[in-house]
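# Inside the fold
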Amino acid sequence: MPKNSASDTVVPRSLTTPRAATPLPRGLWLLGPALVAGVAYLDPGNVASNMTAGASYGYLLVWVVVVGNVMAWLIQYLSAKLGIVTGQSLPEVLGERIRNPWARRAYWLQAELVAMATDIAEVIGGAVALYLLFDIPLLLGGAITGAVSIGLLLVQARRGARPFEFAIIGLLIIIAVGFTAGVFIGPPDPASVVGGLVPRFADTGSVLLAASILGATIMPHAIYAHSALTRDRFGGSIHTTDAGRVRTLLTATRWDVSIAMLIAGSVNLAILLLAAANLAGVEGTDSLEGAHAALAAGLGPVVATLFAVGLLASGLASTAVGAYAGGEILHGLLKVRIPMLARRLVTLIPALLILGLGVDPTFALVLSQVVLSFGIPFALIPLVALTAQRRTLGAFTNRILTTVAGVIASVLLIALNATLLWLVATGG
């Protein structure tokens, strides 16, 4: 990587590699990548985790959703900043930094397993939604969800980043409406919501669900994807040493991430509150099908149908973003590109096997989110470390407080996962 001869500090690639000077769009046209990455925070795994938490523990884990969303803002901003300043995705940077080929392959393997766990949640969610709406068998519904995701990826591959963003944002609007409508019909108790902001657990099950919620809220593949999305969208806009353009993009990105996380956090909280207010103590609500039936019985068929439509949009949008992230992980770490259809089938097969074997979909969704929570440190620690290095980001290196906040978030997430392992292992 080239050095600045005046200061002898490494300058990010995007500020040293000559590129064609392209006009930088303004205002709302700078927004989008965070909204696409934010769909990962509203995937069917989130729905299952938050619905189960609300139905099983009422308002107890409200604080987990709030804290997770605050940490998610910081993490997604750092990911986007890395992509903008370096012109590379996080997997690409790690692919260059991890020199040992076996270490690089091992890192890729864990990231690939996390991507597969992500796909399981998203495909199963889409299949369940199709079953609830049209009585389509789960296995066929999973195949349909996978096929639609391929169509969305083709839009991204052939038409570019902007049309893909429009398609995902359209689905995001449907998700938000579908999952929040019920809260206005069956509102939660305000005092109980405030009480749920106090950090605490009840038992091993509540720790498991907390880890599941965090795995759904702070998703490793969203960290990998966001850096790639900003690279694809803005890479051609950064010219030579035009730091002013970079600052403009970073300012717009802060707004982009704030809007995306506000939407994602509000919807996730609404899902938990909907279950806490209307499904707590109701028998059979430990599954998405049961929750849908309980919503229909308690709040009416319109709310239940909107919930199922939101779940379908969630599955379709998030599986496309997850597949995009999976392809970036493979290319960035191993410098390998395989045909999109082949890549999509590899990650789709485990989800279809689970559906074909008759495993309870909600149980599979919640466990997949726990798997994701254990993949967080492998994405989060390198992200915080790289964005704190002057040789990586130059003048745009994290401030001390930002790095400290990133370290604290990493420690909290790792500590929760370690506690979960200990409780499960000891039967506590």
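Residues numbered from 1 in each chain as written. Predicted model: local features only at pLDDT ≥ 70, side-chain atom pairs only at ≥ 80, totals over all residues. Heavy atoms only, no water.

What follows deals with a nonpolar patch on the surface. Together, Ile349, Leu353, Leu357, Val359, Phe363 and Leu367 line one region of the surface with nonpolar side chains, adding up to about 590 Å² of accessible area. When contributions to the nonpolar patch are tallied by element, the ones reaching two or more residues are α14 (340–357) and α15 (361–387). Take the nonpolar patch: its biggest share by element is three residues, from α14. Inspection of the secondary structure assignment puts Leu353 in helix α14. (Patch = residues over 30% accessible without salt bridge, like charges linked within 9 Å, V, L, I, M, F, W, Y side chains within 5 Å. Areas by Shrake-Rupley, 256 points an atom, 1.4 Å probe, with all protein chains shown as cover. Salt bridge = Lys/Arg side-chain N within 4 Å of Asp/Glu carboxyl O. Helix = DSSP H or I, 4+ residues; strand = E, 2+ residues; numbered from the N terminus.)

Let's shift gears to helix α5 (residues 101–134). With 34 residues, α5 extends 48 Å from end C-alpha to end C-alpha; this agrees with the ideal 50 Å at 1.5 Å per step. The residue sitting at the N-terminus of α5 and contributing the capping side-chain oxygen is Asn100; that oxygen lies 2.8 Å from the backbone nitrogen of Trp102. One or two residues past the end of α5 sits Asp135, with phi positive at roughly 60°. (Expected span 1.5 Å × (residues − 1). Polar contact = N/O pair within 3.5 Å; in protein donor to acceptor, adjacent residues only side chain to side chain.)

Trans peptide bonds make up the majority, and among non-glycine residues the majority have a negative phi. The backbone of Asp135 shows a phi angle near 60°, a positive value even though the residue is not glycine. Note that Asp135 resides in the loop between α5 and α6 (138–159). The class of Asp135 is exposed, set by a relative accessible area of 56%. (Buried < 20%, exposed > 50% of the residue type's maximum accessible area, 1.4 Å probe, protein only.)

Moving on, we come to the packing of helix α2 (residues 44–57) against helix α11 (residues 243–278). Closest axis-to-axis distance for the α2/α11 pair is 7 Å, and the angle between their directions is 35°. Taken as a pair, α2 and α11 cross one another with a handedness that is right-handed. Here Asn46, Val47, Asn50, Met51, Ala53, Gly54 and Ala55 of α2 come into contact with α11, specifically with Asn268, Ile271, Leu272, Ala275 and Ala276. In terms of residue class, the contact of α2 with α11 is made up of eight nonpolar, four polar and no charged. (Axes fitted to C-alpha atoms, helices over the stretch in contact; angles between N-to-C directions. Left-handed = near helix turned anticlockwise from the far one by under 90°. Contact = heavy atoms within 4.5 Å. Nonpolar A, V, L, I, M, F, W, Y, C, P; charged D, E, K, R; others polar.)

Right, let's get into the packing of α2 against helix α13 (residues 301–334). For the pair α2 and α13, the least separation of the axes is 8 Å and the interaxial angle reads 135°. Here α13 runs oblique to α2, going by the angle between their axes. Across the interface between the two elements, Pro44, Val47 and Met51 from α2 touch Phe307, Leu311, Ser314, Gly315 and Ser318 from α13. Residues belonging to the contact of α2 with α13 are distributed by class as follows: five nonpolar, three polar and no charged. (Parallel < 35°, antiparallel > 145°, perpendicular 65-115°, else oblique.)

Below, the discussion takes up the nonpolar core. For soluble globular proteins, the rule of thumb is that nonpolar side chains tend to be buried together. Among the nonpolar cores identified, the biggest contains 127 residues, and Met51, Leu61 and Ile168 are the most heavily contacted of them. Sequence-distant contacts of Ile168, defined by excluding residues within four places in its chain, comprise Val36, Val39, Leu152, Ala317, Ala320 and Val321. (Core = buried A, V, L, I, M, F, W, Y, C linked by side-chain atoms within 4.5 Å.)

Turning to the packing of aromatic side chains, a few remarks are in order. Counted according to the given criterion, the structure contains three aromatic pairs. Taken together, a centroid distance of 5.5 Å and an interplanar angle of 20° make the contact between Trp73 and Tyr77 stacked. Residue Trp73 and its partner Tyr77 are located together in helix α3 (residues 62–86), separated by four residues, close to a single helical turn. The class for Tyr77 is buried, based on a relative accessible area of 8%. (Phe/Tyr/Trp six-rings, centres within 6.5 Å; stacked < 30°, edge-to-face > 60°.)

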